[in-house]
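# Report on the structure
Now for the letters of each chain:
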Amino acid sequence: MTMATASDANRRALLELLDREGNGKCVDCGVADPEWASSTLGVFVCQSCSGLHRNIPQISRVKSILMDPWEAEEVKFIASTGNNAAVAKYEQKTPPFYYKPTNTDCRLLREQWIKAKYERNEFMFVERQEPYSAGYREGALWKRGRDNGQFLSRRFILSEREGVLKYFNKHDAREPKAVMRIQSLNASFQPEKIGQAHGLQITYLKDNSTRNIFVYHEDGKEMVDWFNAIRAARFHYLQVAYPVAQDTDLVSKLTRSYIREGYMEKTGPKHTEGFKKRWFTMDDRRLMYFKEPLDAYARGEVFIGSKENSYTILPGLPPSIQGNHWPFGITIVTPDRKFLFACQSEADQQGWIAALQKVVNRPMLPQEYAVEAHFKHKP
């Protein structure tokens, strides 16, 4: 058999292995039809994750299934391992609260997941999970100033026992500048919006209004550890709050990404004011608008209920609306009033309508009625 023929035979054998259970998805992010494999870990990965495996060359040697030559011994090793066996080995002690990224998540989350699994073996040895599972974490993060936009070093403390995340303006300060209750805490990686590769947006409720803070750390592991420590604290809080709930139900409530963000124009409650450009964030049932994407406080918030409770999303604006505005309108009908928005493009309009409709189609939970009532009685 010639070398070329042998290489072709090895490639065919490798392609056949993709049909085995577990091998048809990237072992790290779950995307379908991976076209790369690690000859040292015995797993199949997508092209995007293969690039992250190259950052740990001493552990993982990745090659293209279709374009690179393969040795019979390499194929034999992959056949003896495969994705399911690797998951059983490298993810055996993954805490339920630890965030497993998908192909749509930012590079930092996927990179640190891969390093945590194969380089640091965090999910094979529980003691290596100390940085995010101890229930207490303290350290310095760069925080964006509310008024001047500068990032300054601030001391942060996360305490499960106290049920809070707090930060101090000075590292030796005794009183915190802000105290954020774990009950309403959310964290979401926003590298592009913040302009930092490791940028994290933390939100919490203050007087039942949303407050944003933006932080980062130069060390990617440090930032992901903070993120998972917040998730751990939320997980343990929810276990106490909902003692009969299954862990799998709680995990979906630990942190959430925003349903949609972007610019729209809005007019006031009388519909006679001029339309103004604002940055909008759809966070669960709260549609918030800001003057700028990195503002600490929303200029306003709209509660989006369900269709059973007389909430409706309509394309376009009422014919009586005058003045200059972007051409693609959206009308949100609530039990109390109509909210009018305008999008710059039809694609934006369709995207927002789909996002809003998804929320409206979802029945309201008992606790969401209390939130709705608060919105109605806001001063």
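This section reports on the structure supplied with the text. (Residues numbered from 1 in each chain as written. Predicted model: local features only at pLDDT ≥ 70, side-chain atom pairs only at ≥ 80, totals over all residues. Heavy atoms only, no water.)

A surface patch of nonpolar side chains, about 310 Å² in accessible area, is lined by Leu 15, Leu 66 and Met 67. Note on placement: Leu 66 falls in the loop between strand 3 (62–64) and helix 3 (72–80). Looking at Leu 66, the relative accessible area reads 46%, which means it is partly exposed. (Patch = residues over 30% accessible without salt bridge, like charges linked within 9 Å, V, L, I, M, F, W, Y side chains within 5 Å. Areas by Shrake-Rupley, 256 points an atom, 1.4 Å probe, with all protein chains shown as cover. Salt bridge = Lys/Arg side-chain N within 4 Å of Asp/Glu carboxyl O. Helix = DSSP H or I, 4+ residues; strand = E, 2+ residues; numbered from the N terminus. Buried < 20%, exposed > 50% of the residue type's maximum accessible area, 1.4 Å probe, protein only.)

Position of Ala 197 relative to the elements: it lies in the loop between helix 7 (191–194) and strand 9 (200–206). Residue Ala 197 is classed as exposed on the basis of its relative accessible area, which comes to 57%. As for Ala 197 and Val 45, which are separated by 152 residues in sequence, their C-alpha atoms are 23 Å apart. Excluding residues within four positions of it along the chain, Ala 197 makes contact with Leu 108 and Pro 191. (Contact = heavy atoms within 4.5 Å.)

Attention shifts here to the pairing of strand 11 (residues 260–266). Strand direction decides the pairing type here: strand 11 and strand 12 (residues 276–283), joined by seven bridges, are antiparallel. Residue pairing in the sheet places Met 264 in a bridge with Arg 278 of strand 12. Inspection of the sheet shows strand 11 paired to strand 17 (residues 338–343) by two bridges, in the antiparallel sense. When the sheet's bridge partners are listed, Glu 265 is paired in strand 17 with Ala 342. (Pairing = 2+ DSSP bridges.)

This part covers the packing of aromatic side chains. All told, the structure shown has 18 aromatic pairs when counted by the stated rule. Consider the rings of Tyr 99 and Phe 227, whose centres lie 5.8 Å apart with planes at 75 degrees: the pair is edge-to-face. Of this pair, Tyr 99 sits in the loop between helix 4 (82–90) and helix 5 (107–119) while Phe 227 is found in helix 8 (residues 220–241), placing the two residues 128 residues apart along the sequence. Residue class for Phe 227 comes out buried when judged on its relative accessible area of 3%. A connected cluster of aromatic rings, assembled from ring pairs, spans Phe 97, Tyr 98, Trp 113, Phe 123, Tyr 132 and Phe 235. Lying over the aromatic face of Phe 168, Arg 155 brings its terminal NZ or CZ to 4.2 Å of the ring centre. (Phe/Tyr/Trp six-rings, centres within 6.5 Å; stacked < 30°, edge-to-face > 60°. Lys NZ or Arg CZ within 6 Å of the ring centre and 35° of its normal.)

A few words on the side chain of Glu 91. Its place among the elements puts Glu 91 in the loop between helix 4 and helix 5. Judged by relative accessible area, Glu 91 falls into the buried class, the value being 12%. There is a polar contact of 2.9 Å between the side chain of Glu 91 and the side chain of Lys 117. Apart from the residues within four sequence positions on either side, Glu 91 is in contact with Val 27, Ala 86, Lys 100, Trp 113, Lys 117 and Phe 123. (Polar contact = N/O pair within 3.5 Å; in protein donor to acceptor, adjacent residues only side chain to side chain.)

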